[in-house]
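# Structural description and commentary
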Amino acid sequence: MKRTGRYVAPVAIAGCCAAVGGMLLMKTVFAAGDLTSDRFNMGLAPDAKKGYDLLMHEPMASPVLKEADIDRLWLTWEPELKAIAEKASPEERRRMTFDRYGWDARTDDDTGLPLGYTRDGKGSLVTNCFVCHGGTVAGKTTPGAGNAQIDLTSLATDVRKLGAIDTGKDPNALGDVQAPFQTPLSIHKGTTNAVVFASVFAGLRDPKLGAEYTKHPEKLMHHDMNPPAWWNFKHKEKIYCDAFAPKTPRQLMPFAMSPLFSNEQFYSFEPNFVHIKAYIESLEAPKYPFPIDKELAKLGEVAFNRVCVDCHGTYGPGGKYPNKSVEIDKIGTDPVRWKSISRESRERANAGWLQYNGEVLLDLESKGYLAQPLDGIWASAPYFHNGSVPTVWHVFNVDARPEVWKRASASEYDQKRMGLQVEEFDAVPDGLNSREARYYYDTATLGSAATGHPFPDEELSADEKTAVMEYLKTL
């Protein structure tokens, strides 16, 4: 699955700038430390509870499927799975459905809906932010966790196949669904092509840009993105894995930028995101639910403070997070995400509505990737921005990282290695269909390399690695 080309699209957090051209450029430019002012809260008192309720119950996206079709999707499945589903009880069939698409059950009501979906009041479901940022960790549904089981491509494809069945057409004649401009929705199970999505929305709103993507689809550099956990949002001065974007309510809005909405409809969601931002900032990391060797953890803290604090900060009372980005040549992790947003795109974005028409600017250059806060690191698998490394142990042992790995069910957690329970392979097996192949994370795919971050290997002994991993369970 080779993909090449230079990315020149608008950045994913600024896709609608072309649609709001002509608005006046503001002269005041705010620094990161000024962004908590009431100016960006629209005079509202940010309410975390209201933010959660809005995510769960307020439709702010396009319909993706009919609610009644949740229990019919199995009709599109491969023959063996379809036969199993046909004989299963309704409850077991629904569990199979949730497993297939990486869905987690909502825990705040008895609707039986997946966590990441909201009713539109017309019989259909729309996505909300939890479709990516709500997942199962050690068998427990955890809003704010990255969804390590998501498979957007399988869902979109099966929804289209169900439509084919309903209209008397052959569902097997359909291939995997893509977004416009030959855009994959996901490359591996548990990741999404998120950086490109809002650029696609921009292309749908701007005929000139859309024509460019149609003529040169290679300009969209498709790659894996691992949905990050939300509970560390509050520690960051800027967001995204290369820390180039300021923290404002508008910065969280691009995935509400449905091409079916007018600009006025899209802008009307801004007050909602004042509260949604407050909700994200209110989240705390989940506590490690398994036994911890406290004496070993103390030894690990000493080693951690010797090797890791300059980049990842200190923890506990008085802890400080340095918000440090590490040069790409030093960190050595896959550079595709870092390369995928051009200076031209950032300059274009800075004049747009999401950047308050020049008032709150994106950084035009990024030197590397942000060293992430480590609160709840045990619950943040897989690791690196592209999700290429399945456990903390693999982060600490570069040469042991698998070329190909396949995750087990969401209910299984690897306590010894801290992360996903996985099988390891030398290569993706032959004879798989495209859905089955997505279950195998292939680090040879563009943007999916498991290289880099050699520091634990270089600076910690084997015993110290074990101790530091034990300490990380306490964060």
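## Focus on the pattern of salt bridges
Counted under the stated rule, the structure contains 31 salt bridges. We note a salt bridge from Arg72 to Asp166, for which the minimum N-O separation is 2.6 Å. Here Arg72, found in the loop between β1 (63-66) and α2 (79-87), pairs with Asp166, found in helix α5 (residues 152-166); they are 94 residues apart in sequence, far enough to count as distant. Taking relative accessible area as the criterion, Asp166 reaches 47% and is therefore assigned partly exposed. As a salt-bridge pair, Glu424 and Arg417 come within 3.1 Å of each other at their nearest N and O atoms.

## Here we look at the sheet that holds strand β2 (residues 117-119)
Strand order across the open sheet formed by 3 strands is β1-β3-β2, with antiparallel pairing between neighbours. Edge positions in the open sheet fall to β1 and β2, since each of these has one partner strand only. Adjacent strand axes in the sheet meet at a mean angle of 40° when their direction is disregarded. By the bridge criterion, 3 bridges tie β1 to strand β3 (residues 124-127) in an arrangement that is antiparallel. Looking across to β3, one finds that Lys66 is bridged to Ser124.

## Here's the deal with the packing of aromatic side chains
Tallying each qualifying case throughout the model produces 23 aromatic pairs. Their ring planes at 50° and their centres at 5.4 Å tell us that Tyr52 and Tyr279 sit as a pair that is tilted. Taken together, the positions of Tyr52 in helix α1 (residues 48-57) and Tyr279 in helix α9 (residues 270-282) put the pair 227 residues apart, joining distant regions of the chain. Residue classification places Tyr52 among the buried residues on the basis of a relative accessible area of 18%. Put simply, the rings of Tyr52, Phe130, Trp230 and Tyr279 pair up and form one aromatic cluster. For the cation-ring pair, Arg93 lies above Trp74, with the distance from its terminal atom to the ring centre recorded as 5.0 Å.

## Considering the sheet that holds strand β12 (residues 404-407)
Across the sheet, 3 strands lie side by side as β15-β12-β16; this open sheet has antiparallel pairing. Pairing within the sheet leaves two strands with one partner each, and these edge strands are β15 (422-425) and β16 (440-442). Adjacent strand axes in the sheet meet at a mean angle of 25°, parallel and antiparallel pairs treated alike.

## Points about the pairing of strand β4 (residues 134-137)
Direction of pairing for β4 relative to strand β5 (residues 140-143): antiparallel, over a ladder of 4 bridges. Counterpart to Thr136 in the pairing with β5 is Thr141. Following β4, the chain reverses through 2 residues before pairing antiparallel with β5; Ala138 in that reversal takes a positive phi of roughly 50°.

Scoring rules and cut-offs
Residues numbered from 1 in each chain as written. Predicted model: local features only at pLDDT ≥ 70, side-chain atom pairs only at ≥ 80, totals over all residues. Heavy atoms only, no water. Salt bridge = Lys/Arg side-chain N within 4 Å of Asp/Glu carboxyl O. Helix = DSSP H or I, 4+ residues; strand = E, 2+ residues; numbered from the N terminus. Buried < 20%, exposed > 50% of the residue type's maximum accessible area, 1.4 Å probe, protein only. Pairing = 2+ DSSP bridges. Axes fitted to C-alpha atoms, helices over the stretch in contact; angles between N-to-C directions. Phe/Tyr/Trp six-rings, centres within 6.5 Å; stacked < 30°, edge-to-face > 60°. Lys NZ or Arg CZ within 6 Å of the ring centre and 35° of its normal.

Without other data, these values stay purely geometric and don't point to any function.
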